[in-house]
Amino acid sequence: MVLLDFVVGIPSPKLHVPHAFKPTRDDRGWFINPIGPNPWWTVLAALVPALLCTILIFMDQQISAVIVNRKEHKLKKGCGYHLDLFMVAVMLGVCSVMGLPWFVAATVLSITHVNSLKDHLHQVGY
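Parameters and conventions
Residues numbered from 1 in each chain as written. Predicted model: local features only at pLDDT ≥ 70, side-chain atom pairs only at ≥ 80, totals over all residues. Heavy atoms only, no water. Helix = DSSP H or I, 4+ residues; strand = E, 2+ residues; numbered from the N terminus. Buried < 20%, exposed > 50% of the residue type's maximum accessible area, 1.4 Å probe, protein only. Contact = heavy atoms within 4.5 Å. Areas by Shrake-Rupley, 256 points an atom, 1.4 Å probe, with all protein chains shown as cover. Salt bridge = Lys/Arg side-chain N within 4 Å of Asp/Glu carboxyl O. 1 Å grid on protein atoms, 1.4 Å probe; cavity = no way out; pocket = protein on both sides within 12 Å on 5 of 7 lines; lining within 4 Å. Points joined across faces, edges and corners; volume = space filled by probe spheres on them. pLDDT = per-residue confidence, 0-100.

### A look at the overall build of the protein
Okay, so step 1: On a plain count of helices and strands, the protein comes out with five helices and zero strands.
Okay, so step 2: The helix and strand sequence of the protein, counted from the amino end, reads α-α-α-α-α.
Okay, so step 3: Expressed as a percentage of the 126 residues in the protein, the buried residues total 13%.
Okay, so step 4: A separation of at least 24 residues holds for 65% of the contacts in the protein among residues at least 6 apart in sequence.
Okay, so step 5: Only carbon and sulfur atoms are counted for the fraction: they give 72% of the accessible area of the protein, which is about 10700 Å².

### What to know about the pattern of salt bridges
Okay, so step 1: This model, assessed by the stated rule, comprises two salt bridges.
Okay, so step 2: Its salt-bridge partner being R25, residue D27 comes within 2.6 Å of it at the nearest N-O pair.
Okay, so step 3: According to the relative accessible area criterion, D27 is exposed, its value standing at 57%.

### Focus on the side chain of D5
Okay, so step 1: Among the secondary structure elements, D5 is positioned in helix α1 (residues 2–8).
Okay, so step 2: Excluding residues within four positions of it along the chain, D5 makes contact with I10, P11, S12 and K14.

### Let's talk about the layout of surface pockets
Okay, so step 1: Volume-wise, the largest pocket comes out at about 360 Å³.
Okay, so step 2: Along its surface, the largest pocket is lined by P34, V43, A46, L47, A50, T54, L92, S96, V97 and W102.
Okay, so step 3: Breaking the lining of the largest pocket down by element, the ones donating at least two residues are α2 (41–68) and α3 (84–98).
Okay, so step 4: Here the element with the most residues in the lining of the largest pocket is α2; it accounts for five residues.

### Focus on the confidence of the model for the protein
Okay, so step 1: Averaged over every residue, the pLDDT of the protein is 76; residues scoring 70 or more account for 72%.
Okay, so step 2: Considering each helix and strand of the protein separately, the mean pLDDT is smallest for helix α5 (residues 120–124), with a value of 58, and largest for α2, with 83.

Below you can see the structure in the form of structure tokens.
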């Protein structure tokens, strides 16, 4: 497509890539202070809501796992099932540090997520 653009001579917008790999702003480096101009005590004040959100997500995941693990489902846990809560905790930490959205604490989504980890062959009785 670029060759056709060049041969025909159609002026189309191009991506201009800089020659040096550096931050886009000259007044700051690669690492930015996460607190910024806020006072130091805001970190301590944020611990309480962060702890409450972590408990909410943990409880939602555990309640969903209890619902899915009922005896009438006759489940046999697959190997990925054991690492599920650990991965949720790791992703919660990574998303928190990077400022990304968290795992949604919605029971329907959690049940679907836990259901996707079950071994269907053992459930049906094969």
